[in-house]
Amino acid sequence: MSRSLFEKIWANHEVGDGLIYIDLHLVHEVTSPQAFAGLRLADRKVRRPDKTIATADHNVPTDGTSVARMIADELSRKQVEALERNCEEFGVPVYSVGSDRQGIVHVIGPELGLTQPGLTIVCGDSHTSTHGAFGALAFGIGTSEVEHVLATQCLVQKRPKTMRINYSGKLGYGVVAKDLILATIGRLGTAGMTGYAVEYAGETIEGLTMANRMTICNMTIEGGGRAGMIAPDETTFEWVEGKPGAPADFESALARWRGLPSAPGASFDNEVEIDAASLSPMVTWGTNPGQVVEVTGEVPAPTSDSEERALRYMGLEPGRAIEEIELDRIFIGSCTNSRIQDLREAASVVEGRKVASTLEAMVVPGSAQVKAAAEAEGLDEIFRAAGFDWRSAGCSMCLGMNPDTLSPGERCASTSNRNFEGRQGKGGRTHLVSPKMAAAAAIEGRFVDIRNWN
């Protein structure tokens, strides 16, 4: 029987009917306090602390605060300090504020080589699907499930259906992975992948870097998917090799990994075909990632009550050209687009230019290591010279759980993954774009088509 990538990993990890073993458990400060408290009340230990890694990211201020006790916001400080205490008590390695390995959980896992092909990976965060870019089965779990994995290293899980999205053609100039996944969600809708483990395949995907593959898998959840996956190949193997967490016997690991891709003839419950060569840079206009159009397009007329509500919230009128929408803030960061490649691409756009006087712009590296690498290359100086605020690592303005938030009515071009009402701050208006599109918008003060902008 020809099996898919998903089917191979599931079969290798199912230890009981609907019970799977977890190879790697990623933990952060927001969804873990109650889980650790549950262990304490039941007098249980963490079963596999060697398969568990923690970091502080959601509540971390990006102003350079170097230790948890100096975090100004009381709730944020308590959550980060609780993470540090819990990890010390239960023997879980933690990279908290001030660590040179601290960062967004979905950035540090891959950069440390902990994310590897064939693994099952969970975290109390919906964007755990990011790790599927390496040929892993990775998905978000709830707080009670976090406790269950800490205690047993297993998880009760209903087997999802399978979907394969095949992309053909080469991405055009100025069109990148963020545009690819936004266009996909725009076509399928925010519920189009619901109930599926999605494999992204085809020549377009094979030509992407690991950073771009992570962007694709990261936003699977915005399409309703349970997990996003990409078959491992030489690009994957080159990323993992030499990382701190890479297997000691790398050749043996390679032999296993090369057997993971979906076999010819493998069947899927649903298959979708998308012509990647026909796509343009994308910009969201509404309050979910499926409400998206090409940058050369217009704000569409509403066809439902939810779209009417989205237009009211966003302060937009049907027929308005996307390139006429002026902005107040620019955010380059998040687990979707904060890796060194993302920062290099944005820096290439703003070098030698100045941020428009009508807005404020910020860059937030995804991890302390990304920040250090960018500074070693001088990217921080390029951004600062252009007028960007250069910050420390964290989730930052992706979500309103730290000091980096929008004010009511502020309009932001953001490289993050969600544009829900209030996502970046109460009353804030979010437009999702790629790093290059955000960078160009920072210079012009409005959206522009990066393909012909100079």
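Quick look at the structure, then.

Definitions and limits used
Residues numbered from 1 in each chain as written. Predicted model: local features only at pLDDT ≥ 70, side-chain atom pairs only at ≥ 80, totals over all residues. Heavy atoms only, no water. Helix = DSSP H or I, 4+ residues; strand = E, 2+ residues; numbered from the N terminus. Buried < 20%, exposed > 50% of the residue type's maximum accessible area, 1.4 Å probe, protein only. Contact = heavy atoms within 4.5 Å. Areas by Shrake-Rupley, 256 points an atom, 1.4 Å probe, with all protein chains shown as cover. Lys, Arg positive; Asp, Glu negative; His and termini not counted. Charge placed at Lys NZ, Arg CZ, Asp CG, Glu CD. Core = buried A, V, L, I, M, F, W, Y, C linked by side-chain atoms within 4.5 Å. Phe/Tyr/Trp six-rings, centres within 6.5 Å; stacked < 30°, edge-to-face > 60°. Salt bridge = Lys/Arg side-chain N within 4 Å of Asp/Glu carboxyl O. Disulfide = S-S within 2.5 Å. Pairing = 2+ DSSP bridges.

Moving on to the overall build of the protein chain. A count of helical and extended segments in the protein chain gives 15 helices and 19 strands. Taken over the C-alpha atoms alone, the protein chain extends approximately 55 × 55 × 45 Å along its principal axes. Put simply, the protein chain has 454 residues, and 61% of those count as buried. Taking the contacts inside the protein chain whose residues are at least 6 apart along the sequence as the reference set, 74% of them involve residues at least 24 apart. Accessible surface, the protein chain: about 17000 Å² in total, of which carbon and sulfur atoms supply 47%. In the protein chain, the 44 positive side-chain charges and the 59 negative ones have mean positions that sit 3 Å from each other.

Moving on, we get to the nonpolar core. Residues Ile-165 and Tyr-200 are the most contacted members of the largest nonpolar core, which totals 74 residues. Examining the composition of this core, we find that 6 residues originate from one element, helix 6 (residues 177-188), more than from any other. Ignoring any residue separated from it by four or fewer positions in sequence, one finds Tyr-200 in contact with Ile-165, Tyr-167, Ile-181, Met-193, Ile-205, Ile-216, Cys-217, Thr-220, Gly-228, Met-229 and Ile-230. If you look at the next biggest cluster of nonpolar residues, it comprises 59 residues, including Val-295, Val-363, Ala-442 and Ile-443.

Taken as a whole and assessed by the stated rule, the structure comprises 8 aromatic pairs. With a centroid separation of 5.3 Å and an interplanar angle of 35°, the aromatic rings of Phe-36 and Phe-90 are classed as tilted. Of this pair, Phe-36 sits in helix 2 (residues 33-41) while Phe-90 sits in helix 3 (residues 74-90), and the two are 54 residues apart along the sequence. Ring centres 5.6 Å apart and planes at 90° place the aromatic pair Phe-250 and Trp-257 in the edge-to-face group. The burial state of Phe-250 is the same as that of Trp-257; both residues are buried. Ring pairing ties together the aromatic residues Phe-237, Phe-250 and Trp-257, which thus form one cluster.

Moving on, we get to the pattern of salt bridges. Between side chains of opposite charge, pairing is possible as soon as their charged atoms come close. Following the criterion strictly, the structure yields 18 salt bridges and no others. Linking Glu-7 and Arg-159 is a salt bridge whose minimum nitrogen-to-oxygen distance equals 4.0 Å. Placement of the pair is Glu-7 in helix 1 (residues 5-13) and Arg-159 in the loop between strand 8 (154-156) and strand 9 (161-168), with a sequence separation of 152 residues. The exposure class of Glu-7 is buried, given its relative accessible area of 13%. Classification of Arg-159 by relative accessible area gives partly exposed; the value is 42%. The residue Arg-40 makes a salt bridge to Glu-89 at a minimum N-O spacing of 2.8 Å. With a gap of 49 residues between them, Arg-40 in helix 2 and Glu-89 in helix 3 connect regions that are remote in the sequence. The exposure class of Arg-40 is partly exposed, given its relative accessible area of 39%.

So, about the state of the cysteines. Using the criterion set out here, one finds 0 disulfides in the structure. Of the cysteine sulfurs around Cys-87, a residue in no disulfide, the closest is that of Cys-123, at 12 Å. The class for Cys-87 is buried, based on a relative accessible area of 2%. Unpaired in terms of disulfides, Cys-123 finds its nearest cysteine sulfur in Cys-395, a separation of 9.8 Å.

So, on to unusual backbone geometry. Non-glycine residue Asp-43 carries a positive phi angle of around 55°. With respect to the helices and strands, the residue Asp-43 is situated in the loop between helix 2 and strand 4 (52-55). In this structure, Ser-396 takes a positive phi of about 55° despite not being glycine. Considering the arrangement of structural elements, one finds Ser-396 in the loop between strand 17 (389-390) and strand 18 (411-414).

Attention now goes to the sheet that holds strand 19 (residues 429-432). Judged by pairing direction, the sheet is parallel, and its 5 strands sit side by side in the order 17-16-15-18-19 without closing on themselves. Edge positions in the sheet fall to strand 17 and strand 19, since each has one partner strand and no second. Direction of pairing for strand 15 (residues 329-332) relative to strand 16 (residues 360-363): parallel, over a ladder of 4 bridges. By the bridge assignment, Ile-332 is partnered in strand 16 with Val-363.

The buried fraction of helix 1 amounts to 7 of the 9 residues, a majority that puts the element mostly inside the structure. Turning to helix 1, its buried residues are Leu-5, Phe-6, Glu-7, Lys-8, Ile-9, Trp-10 and His-13.

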